[in-house]
Amino acid sequence: MSKISTLNFSQFLLKTFFFSISIFSLVNARSIKSTHHHSIELDESLTYVWPLPAQFTSGNDTLTVDPNLTLDFTGNGGGSGGSVVVEQAFERYKKIIFKHGAKLAKSGEYFDVNRVTVIVHSDNDELQLGVDESYSLLVTKSNERSIIGGVSIEANSVYGALRGLETLSQLCKFDYGVKTVQIRKAPWFIQDKPRFAYRGLLLDTSRHYLPIEIIKQIIESMSYAKLNVLHWHIIDEESFPLEVPSYPNLWKGAYTKWERYTLEDAIEIVDFAKMRGINVMAEVDVPGHAESWGAGYPDLWPSPSCKEPLDVSKNYTFDVISGILADMRKIFPFELFHLGGDEVNTTCWTTTPHVKQWLQDHKMTAKDAYQYFVLKAQEIAISHNWTPVNWEETFNNFPSKLNPRTVVHNWLVGDVCAKAVASGFRCIYSNQGYWYLDHLDVPWEEVYYAEPLEGIKSISEQKLILGGEVCMWGETADASDVQQTIWPRAAAAAERLWSDKETTSSKNTTSTTLQRLEYFRCLLTRRGVPAAPVTNFYARRPPLGPGSCYEQ
């Protein structure tokens, strides 16, 4: 058979198989669900806050919340725009909490909670790695015995206050019977802080362009799960959508002239993210994954017939990289910058005559040139006051040569972070076996129980693990399905990165964790996030039959 006919026949078999599975599952789902017409009661013994707070106590009271809830902002955090961060967040969360109730408040009606007091101790609203996101949250009833009535959030930074507001919003539930927003199991006292400083989501906008509005929706949804870094994999070999004023022809590498990001677009995304306590780490992946650069500047290719890695033999190549990074430094204030460095096939260097000659003149092997390129790119990033992040291949190939400030980004092998921190490097965990969201057959449990500190016993070495990141590679994801692919599995990793390991890692709690995750998935959908069902075998698949959101 020809390749085409074989492929078509394979596709036919595959489609027939999945059609059969779908029909079987649908029939099965119908027969199972037919017994589930009763209303589902949530387990009141569980705390439906995701990710789970570090420490909390609760009671047995049910408090009503005033739709005209007011903000009382105090402390030292009013300077440098900090109060703006909190005030805007408060207004956003009011809209979420009172989707129903705000329209139904009656004049003179009494409510137990009518104000939120936010106390922020620092007036510094700079958002960088390791910013203090801890907070305490107190929810009590106003009465003659209570000194503090209502809700109090105390934090050292405005970003801790944001996390507290998110937790508060999850405690608030609309009761359809009395048509009032309530907080059950009060009084609440929560003391919370993240387990890891870096809790990321990679978004790939090169394999498919994602409109600004979709990126903003993803950033908004990240804040619901207390993720705090958007790793923006903006460009790759397939397309170069970002405007670079120093080299304006680079975005000729975009798919079309409508699938581009202006400088203003990028600034808007960074500002939007900051207001939600989320840093944006940009990536310029070099020297591989860069074929699209040559659409505007063909001299960056080793030759017109051999287009990547970028030409290591020309100073011009590094001039372009320097120009890109200089322009991007005006947009991205985050201290980390990702330089890629993965999957470098050096064949073009050894088979293109002028590059081959350059290698010989400089007494370099192709591997030497790979090291030379990575280190030179690191120097450029550091000259712009960035800390370089590189994929693990750079560490695997020449660990002793990397700049000591380098952050190693694991993705291939399970023990890389352990080796990196043993060598004194910091590390970000993204093991592809668990945390690559484009791997659609990885179930939520495997995402949830993946452990960034696996194999690392020393406390000093554990401190070198910055955290982790789930990766939404874009080959099969665009605006139509990217959010269903991210959620809810990204939330499973988010709890692993935020919450205390001892209270969330026991396999005995899997059933209650599933209940909580299903509840959070429904919370996402109520907030307008198109999150897929939790337990479907393939991520992002729709429900197989009728049923409650809480039992999908």
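The structure we're discussing is the one just above.
Since the model is a prediction, treat every value here as computed from it, not as a measurement.

Some words on the state of the cysteines
One pass over the full model with this rule turns up three disulfides. Here Cys417 pairs with Cys427 through a disulfide, and the sulfurs are 2.1 Å apart. Classification of the bridge connecting Cys417 and Cys427 rests on its S-S torsion, roughly -75°, and on that basis the disulfide is left-handed. Taken together, the positions of Cys417 in helix α11 (residues 416-422) and Cys427 in strand β15 (residues 426-429) put the pair ten residues apart, joining distant regions of the chain. Both residues of the pair, Cys417 and Cys427, belong to the buried class. Between the sulfur of Cys522 and that of Cys549 lies a disulfide, 2.0 Å long from S to S. On the sign convention where negative means left-handed, the S-S torsion of about -120° between Cys522 and Cys549 marks this disulfide as left-handed.

Remarks on the environment of Tyr224
With respect to the element layout, Tyr224 can be found in helix α4 (residues 212-224). Here the alpha-carbon distance between Tyr224 and Trp50, two residues 174 residues apart in the chain, equals 8.3 Å. Apart from residues no more than four positions distant in its own chain, Tyr224 is found in contact with Trp50, Ile96, Glu166, Gln170, Phe520, Leu524, Arg527 and Val529.

Details of the pattern of salt bridges
What the rule picks out here adds up to 19 salt bridges. A salt bridge links Lys216 to Glu268, with the nearest nitrogen and oxygen atoms 2.4 Å apart. Highlighted residues: Lys216 in helix α4 and Glu268 in helix α5 (residues 263-274), separated in sequence by 52 residues. Overall, the relative accessible area of 15% leaves Lys216 in the buried class. For Lys419, the salt bridge is made with Asp415, and the minimal N-O distance between the two is 3.4 Å. Look at Asp415 and you get partly exposed, because its relative accessible area is 34%.

A look at the sheet that holds strand β14 (residues 407-409)
One open sheet accounts for eight strands, arranged β11-β10-β9-β16-β15-β14-β13-β12; its pairing is parallel. Two strands bound the open sheet, and with one partner strand each, they are β11 (279-282) and β12 (336-338). Put simply, the sheet's adjacent strands are angled 30° from each other on average, direction ignored. Pairing of β14 with β15, which is carried by three bridges, proceeds in the parallel orientation. Looking across to β15, one finds that Val407 is bridged to Arg426. In the packing of helix α16 (residues 489-498) onto the sheet, contacts are made with β9 (198-204) and β16 (465-472), and the angle to β16 comes to roughly 175°.

Details of unusual backbone geometry
With an omega of -5°, the peptide bond between Trp50 and Pro51 qualifies as cis. Inspection of the secondary structure assignment puts Pro51 in the loop between α1 (3-33) and β1 (55-57). In this structure, the amide linkage connecting Ala186 to the following residue, Pro187, adopts the cis form with an omega of -5°. Its identity as a non-glycine residue notwithstanding, Asn385 has a phi of 65°, on the positive side. With respect to the element layout, Asn385 can be found in the loop between α9 (366-383) and β13 (387-391). Taking the relative accessible area as the measure of exposure, Asn385 reaches 56% and is therefore exposed. For Arg540, which is not glycine, the phi dihedral falls at a positive 65°.

Points about the packing of α4 against α5
At a minimum axis distance of 10 Å, the contact between α4 and α5 shows a crossing angle of 15°. Judged by the angle between their axes, α4 and α5 are roughly parallel. Judged by the sense of rotation from one axis to the other, the crossing of α4 with α5 is right-handed. Packed against α4, whose contacting residues are Ile212, Ile215, Lys216, Ile219 and Glu220, the element α5 presents Asp265, Glu268, Ile269, Phe272 and Ala273 at the interface. Its residues placed into classes, the contact of α4 with α5 shows six nonpolar, no polar and four charged.

Observations concerning the sheet that holds strand β2 (residues 61-75)
Across the sheet, eight strands lie side by side as β1-β8-β4-β5-β3-β2-β7-β6; this open sheet has mixed pairing. Pairing within the sheet leaves two strands with one partner each, and these edge strands are β1 and β6 (172-175). Neighbouring strand axes in the sheet, compared pairwise and without regard to direction, differ in orientation by 30° on average. Here strand β3 (residues 113-120) runs beside strand β5 (residues 150-155); their pairing, made up of five bridges, is parallel. Its bridge partner lying in β5, Val118 is registered against Ile153.

What counts, and at which threshold
For every chain, the first residue of the written sequence is number 1, and numbering continues from 1 onward in sequence order. Totals for whole chains, interfaces and linings use all residues, but because this is a predicted model, local features are given only for residues with pLDDT of at least 70 and pairs of side-chain atoms are given and counted only at 80 or more. Side-chain calculation: all heavy atoms of the structure are included, whereas hydrogens and water are not. The disulfide criterion used throughout: a pair of cysteine sulfur atoms within 2.5 Å. Every helix listed is a DSSP run of H or I at least four residues long, and every strand listed is a run of E at least two residues long, numbered separately from the N terminus. With a 1.4 Å probe rolled over the protein chains alone, any residue whose accessible area is under 20% of its type maximum counts as buried; one over 50% counts as exposed, and the rest are partly exposed. In what follows, a contact means two residues having at least one pair of non-hydrogen atoms within 4.5 Å. Salt bridges are defined by distance alone: a side-chain nitrogen of Lys or Arg within 4 Å of a carboxyl oxygen of Asp or Glu. What makes two strands pair is DSSP finding at least two bridges between them. In this analysis, axes come from line fits to C-alpha atoms, helices being fitted only over the stretch in contact, and the angle between any two N-to-C directions falls in the range 0 to 180 degrees. Orientation is classified from the angle alone, with under 35 degrees giving roughly parallel, over 145 giving roughly antiparallel, 65 to 115 giving roughly perpendicular, and any other angle giving oblique. Should the near helix be turned anticlockwise from the far one by less than a right angle, the crossing is left-handed, and should it be turned clockwise, the crossing is right-handed. Under the grouping applied here, Gly and all other residues not named as nonpolar or charged are polar, the nonpolar ones being Ala, Val, Leu, Ile, Met, Phe, Trp, Tyr, Cys and Pro and the charged ones Asp, Glu, Lys and Arg.

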